[in-house]
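Residues per chain, in single letters:
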Amino acid sequence: QRGSPFLDPGPVTKANSLALLHLSRDNLEPVYLAQTAGEHDGYAEGVVVNTRYGSYPHSSMIGIPWGTQIRASKVDTGSRGRKRKRPNGDDAGPSSDGTPADTPAETETPEPPQNPAKQPVATTSGFIHILPPTPELWTLSLPHRTQVVYTPDYSYILHRIRARPGTVLIEAGAGSGSFSHASVRAVYNGYPDRDGKHKGKVFSYEFHEDRYRKMKKEIQDHGLEGLVQLTHRDVYNGGFLVDGESPKASSIFLDLPSPWEALPHLSRQRPQSDKAENGSETTEEDEKPWVSPLDPKKNAYLCTFSPCIEQVTRTVSALRRLGWVDIDMLEIAHRKLHTVRDRVGLNLPYDRSVNVSAKDVDEALGRLTEIEDRLRENSRPRAGADAMDDDDDIEADDNNITAPASTAEASSARPWKDGRLVTRGEPEIKSHTSYLVFAILPREWTGEQEAAALAKYPVGE
Ligand code: SAM
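Summary of the structure given here.

Quick notes on the rules
- Residues numbered from 1 in each chain as written.
- Predicted model: local features only at pLDDT ≥ 70, side-chain atom pairs only at ≥ 80, totals over all residues.
- Pairing = 2+ DSSP bridges.
- Helix = DSSP H or I, 4+ residues; strand = E, 2+ residues; numbered from the N terminus.
- Axes fitted to C-alpha atoms, helices over the stretch in contact; angles between N-to-C directions.
- Contact = placed C-beta atoms within 7 Å.
- Core = buried A, V, L, I, M, F, W, Y, C linked by C-beta atoms within 7 Å.
- Buried ≥ 20, exposed ≤ 12 C-beta atoms within 10 Å, placed from the backbone.
- Near = placed C-beta within 6 Å.
- Nonpolar A, V, L, I, M, F, W, Y, C, P; charged D, E, K, R; others polar.
- Right-handed = clockwise from strand over helix to strand, strands pointing away.

Once that is clear, we can look at the sheet that holds strand E14 (residues 325-331). Ordered in space as E11-E10-E9-E12-E13-E17-E14, the 7 strands form an open sheet in which the pairing is mixed. Since the sheet does not close on itself, it has two edges, and those belong to strand E11 (228-232) and E14, each with one partner. On average, each strand axis in the sheet is tilted by 15 degrees relative to the strand beside it, whichever way the strands run. The sheet contacts of helix H2 (residues 151-160) involve strand E12 (251-254), strand E13 (300-306) and strand E17 (435-441), and relative to E13 the element is tilted by about 155 degrees. Here helix H4 (residues 209-221) sits on the sheet in contact with strand E10 (201-206) and E11, set at roughly 160 degrees to E11.

Take a look at the structure:
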């Protein structure tokens, strides 16, 4: 599976492969780098990505080390250059890849292109970085078809369900493929067995036809075929066997509206059906030999992901009845704390005796001088044994990381030198808050296995 840019991107970008354009911190754009051949879509340089940070011909992004900073190009539209009309009548440069044409292309030079494909005419001031695809970046840039599982959740989930190189993992539903990409990297074991097969594999199920088709194409485009096997299926009714065969999974992730409806299919033996419990007659289906999708030789580690506590209650109830153990539930409350030194001058909450809002640097400096004078005056009578030196000031400040400043502090510390430490929560962390239910189904263990084990390792009287 050396072809997947997610698993082995190699040192440089490649044509016809996925790359992620890092436009700004929260703005990533997935692009399949097109091999350019002369004029294409109106540009002499071939396919061009137009962004608000400038224009970037694919030809300038192929065969360069990942992480490279790329300067915007002044794109030469060549003899085919025409100003394209936007639907609203504005002029816009052609966009060959569906990206909004924020930067109008240069259209004033109708002469044939002078530059070879790899050297666009001139550069402008914008720049972007080109990054290799990773599950984390893909999660932030993928086309959303459903609510997705974000990195803070899936990293913990993969750890708890013991996804590691060589693991066979079941996930349902596939949705937008966020979890699929993270899980395939976790189970990928790098090198195939002697028979050429990779042991680690993700069996993914999706019943929504359009999502299934799009996901299937993505798996192909990302070189993940053979490692992610997608099945178009309603798992509540159809279960998890593929062509009647067991995937032999040991890790399971269910991101479904009603996980309890899928759980009976994940049993080791045919589950006691409600019909049987009620004393009703068994059907022909009940008579067929039971094939479990789980690996009989391993414990099965499961996680379900549900936004409502009512779903959790029903899931836990089903898990208990089906023999799962070690059941627990938690929620990932991911918070990133952003700690900075807040420079004094533009916002001076600790000296309310001075009007603190400053409009510009000069005004802020004036206020600072005023505050310093006042503090110098206040500290004069106290100067002596108990006066704090600079280090004490900093320590006093550091110890007071989040507490609101008071006027009393301001008179003893000199925070304008270093700024006060202020810690804020970042509200923009992406995490789909759901309840995570974990459970374990112990491996199969028969009387014969127990007898064999006792014979091998006899227990003392
Ligand atoms: N975990 C996915 C991700 O990270 O992108 C998102 C999953 S999305 C929230 C739930 C998906 O389950 C939907 O795409 C839905 O079509 C699918 N689904 C719901 N019921 C299903 C069923 N009975 N069988 C298979 N898929 C189902």
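Further notes follow.
Grouped together as the largest cluster of nonpolar side chains are 52 residues, with contacts concentrated most on Ile161, Ile252 and Leu302. Those residues within four positions of Ile161 in sequence are excluded, and the remaining contacts are Ser251, Ile252, Phe253, Tyr301, Leu302 and Cys303. Counting 20 residues, the second-largest nonpolar core is a separate cluster that includes Ala19, Leu21, Val48 and Val49.

Bringing the site of the ligand into the picture now. Around the ligand, the surrounding shell holds 22 residues, and the nearest of these are Gly173, Gly175, Ser178, Phe207 and His208. Breaking the shell around the ligand down by element, the ones donating at least two residues are helix H3 (178-187), E10 and helix H5 (235-238). Here the shell around the ligand is built from residues that sort into 10 nonpolar, 8 polar and 4 charged.

Turning our attention to the pairing of E11. Alignment of E10 against E11, held across 5 bridges, turns out to be parallel. Each bridged residue has a counterpart across the sheet, and for Glu206 the counterpart in E11 is His232. The handedness of the E10 to E11 crossover, carried by H4, is right-handed.

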